[in-house]
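# Observations on the model geometry
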Amino acid sequence: MALDQDCIFCKIIRNEIPNTVVYEDNVVKAFLDITQGTPGHTLVIPKTHVPDIFAYDADLAAAVFSRIPKIARAIKASDPAIKGMNILNNNGKVAYQSVFHSHIHLIPRYSAKDGFGMRFTDNSAHYTPEKLQKIATQIHQQFSAD
């Protein structure tokens, strides 16, 4: 388990910083986000320091992400008022990542007016089937690079 001495989440893993744990095993630690975007907002972090999704290998990804449904179900079962859940993973500063230790947000949703929001812009008018195919081809070509 490789940890970074200066990383706030690595300090949380080592219990050097107070945290409110909801689940922990040898692979992940899940704890309440101090911001509590909605009640029960939980962060799931790998117990090894990886800055973002781009640094995961297949084994770490399988181990971390296989635990998300179990943790999400426990959060949902904890309060009958929870009607849904947003599961978010931000990667890079431009994508709103603020702590550079990979983490997954599990944000319980109580109603459309519970204080959490997301916005997706519809840019479909700017993309022809040919433009979409060009993007898909560029991405597809990267799989052979692995």
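Now for a quick tour of the structure. (Residues numbered from 1 in each chain as written. Predicted model: local features only at pLDDT ≥ 70, side-chain atom pairs only at ≥ 80, totals over all residues. Heavy atoms only, no water.)

## A look at the environment of Leu32
The condition is simple: Note on conventions: DSSP H or I runs of at least 4 residues are helices, E runs of at least 2 residues are strands, and numbering of each starts at the N terminus. Exposure is judged per residue with a 1.4 Å probe applied to protein chains only, and the accessible area is read against the type maximum: over 50% gives exposed, under 20% gives buried, and values in between give partly exposed.
Relative to the helices and strands, Leu32 is located in strand S2 (residues 28–32). Overall, the relative accessible area of 28% leaves Leu32 in the partly exposed class. Spatially, the C-alpha atom of Leu32 lies 9.6 Å from that of His105, the residues being 73 residues apart in sequence.

## Topic: the sheet that holds strand S5 (residues 104–109)
Operational definition: We call two strands paired when DSSP finds no fewer than two bridges between them. Throughout, an axis means a line fitted to C-alpha atoms (over the contacting stretch in the case of helices), and angles, computed between N-to-C directions, take values from 0 to 180 degrees. Contact definition: two residues touch when any of their heavy atoms are within 4.5 Å.
The strand order across the open sheet built from 5 strands is S1-S2-S3-S5-S4, with neighbouring strands paired in antiparallel fashion. With partners counted over all chains shown, the strands left at the sheet margins are strand S1 (21–24) and strand S4 (84–88), one partner each. Looking at each pair of strands side by side, their axes are set apart by 20° on average, direction ignored. Bridge count for S1 against S2 is 3 bridges, and the pairing is antiparallel. Within S2, the residue paired with Val21 across the bridge is Phe31. Packing of helix H3 (residues 68–77) onto the sheet brings it into contact with S1, S2, strand S3 (42–46), S4 and S5, and relative to S5 it is tilted by some 30°.

## Quick look at the environment of Thr48
Here is the rule: Pairs of N or O atoms within 3.5 Å make up the polar contacts considered here, provided that, within protein, one atom can donate a hydrogen while the other can accept it, and that residues adjacent in sequence are counted only when both atoms are side-chain atoms.
Following the sequence through the fold, Thr48 ends up in the loop between S3 and helix H2 (58–65). Classification of Thr48 as partly exposed rests on a relative accessible area of 21%. C-alpha separation for the pair Thr48 and Ser102, spaced 54 residues apart in sequence, amounts to 9.4 Å. At 3.4 Å, the side chain of Thr48 forms a polar contact with the backbone oxygen of Ala2.

## Here's the deal with the side chain of His103
Inspection of the secondary structure assignment puts His103 in the loop between S4 and S5. Residue His103 is classed as buried on the basis of its relative accessible area of 6%. A distance of 2.8 Å separates the side chain of His103 from the backbone oxygen of His101, its partner in a polar contact. The contacts of His103, once residues within four sequence positions are left out, are Phe9, Leu43, Val44, Ile45, Leu88, Asn89 and Gln97.

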